[in-house]
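Chains, contacts and geometry: an overview
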Amino acid sequence: MRNSNQLDRGRRLSIQAAGLTALLCAVALAGCGGTAIATGSPTPQPTPLLTPDPHLTEPVTADQIFRALGAAKVGIVANNANSGQGNPNIVKVINADVGSWPLRITEYRSSAILAKVAGWKPGAKPARNQAPYSFAGLNILIEYGSLSGAAAPKPPDATRQAQAAAIVTALDPLLWPLAKRTVTDIPSRTAEPAASAPAASNAP
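In this text, all values refer to a predicted model and were calculated from it rather than measured experimentally.

Conventions we followed
Residues numbered from 1 in each chain as written. Predicted model: local features only at pLDDT ≥ 70, side-chain atom pairs only at ≥ 80, totals over all residues. Heavy atoms only, no water. Helix = DSSP H or I, 4+ residues; strand = E, 2+ residues; numbered from the N terminus. Buried < 20%, exposed > 50% of the residue type's maximum accessible area, 1.4 Å probe, protein only. Contact = heavy atoms within 4.5 Å. Areas by Shrake-Rupley, 256 points an atom, 1.4 Å probe, with all protein chains shown as cover. Pairing = 2+ DSSP bridges. Axes fitted to C-alpha atoms, helices over the stretch in contact; angles between N-to-C directions. pLDDT = per-residue confidence, 0-100. Salt bridge = Lys/Arg side-chain N within 4 Å of Asp/Glu carboxyl O.

With that settled, the discussion passes to the overall build of the protein chain. Helix and strand counts for the protein chain come out as 4 helices and 6 strands. In sequence order, the secondary structure elements of the protein chain are arranged as α-α-β-β-β-α-β-β-α-β. Out of the 204 residues in the protein chain, the part that is buried amounts to 28%. The contacts in the protein chain between residues at least 6 apart in sequence include a share of 56% that link residues at least 24 apart. For the protein chain, the exposed surface amounts to about 13500 Å²; the carbon and sulfur share of it is 59%.

Shown next, in the form of structure tokens:
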């Protein structure tokens with residue numbers, strides 16, 4: 001009987017030890033064998049790029065326009081500059097060349113003075129003693145080509161027409177709205193604003 005009790009006790013201890021071992025293995029596997037799911041930080045959304053307004057505001061300087069034409073790679077080369085040679089309406093004149101043709105940038109004291117002094121209607125064809133291409137915006141006047149002399153200027157060759165178009169592309173929309181007086185038509189990229197309709201009246 002004593003041997004039988006000892007055998008039973010040994011079996012119970014063995015079963016308990018086996019259960020304890022299994023429990024420890026399960027805990028170890030759960031703690032070390034499991035793979036934690038990494039939670040990465042959310043992907044940041046790209047910041048929208050703000051397009052700067054290219055329009056210049058009055059007063060614009062002749063130097064600003066010269067630098068803009070240089071940045072546009074139209075082939076502008078400066079010759080000289082002066083302060084208007086005593087003309088009180090003018091701040092500065094830059095004489096340059098584009099494609100071996102003269103280009104003048106005249107900075108007036110204000111757009112009102114430029115409109116009064118220039119004395120020509122946008123869209124009209126140049127007359128005698130005027131350049132083949134003239135562009136005006138804000139207080140700046142750009143003249144491209146030699147003054148015509150006794151007769152009105154004639155359309156130049158295709159190369160110079162293309163150079164004049166490149167100048168307009170560089171100026172528009174910096175000087176907007178850009179008024180033009182040209183021997184050949186050069187469309188602007190930026191349309192002038194539509195005239196606003198008159199406000200409705202409630203009067204009887």
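Now that the structure is up, let's keep going.
Glancing now at the sheet that holds strand E1 (residues 76-82). One open sheet accounts for 6 strands, arranged E1-E2-E3-E5-E4-E6; its pairing is antiparallel. Each edge of the open sheet carries a strand with a single partner, namely E1 and strand E6 (179-182). Geometrically, the sheet is characterised by an average inter-axis angle of 15° between neighbouring strands, direction not taken into account. In terms of strand pairing, strand E4 (residues 133-137) meets E6 through 4 bridges, oriented antiparallel. Across the sheet, residue phenylalanine 135 finds its bridge partner in E6, namely lysine 180.

Within the protein chain, residue pLDDT values average 78, and 66% of them lie at 70 or more. Per-element confidence in the protein chain is highest for strand E2 (residues 90-98), whose mean pLDDT is 98, and lowest for helix H1 (residues 2-33), whose mean pLDDT is 50. Every residue in residues 23-30 is under pLDDT 50, and counting partners more than four places away or in other chains gives 2 contacts. A low-confidence stretch, residues 193-204 (pLDDT under 50), is modelled with 1 contact involving residues beyond four sequence positions or located in other chains.

Considering all chains together, one arrives at 2 salt bridges under this definition. Of the charged contacts, one joins aspartate 63 and lysine 92 as a salt bridge, the two residues approaching to 2.9 Å between their closest N and O atoms. Placement of aspartate 63 in helix H2 (residues 62-71) and of lysine 92 in strand E2 is noted, with a sequence separation of 29 residues between them.

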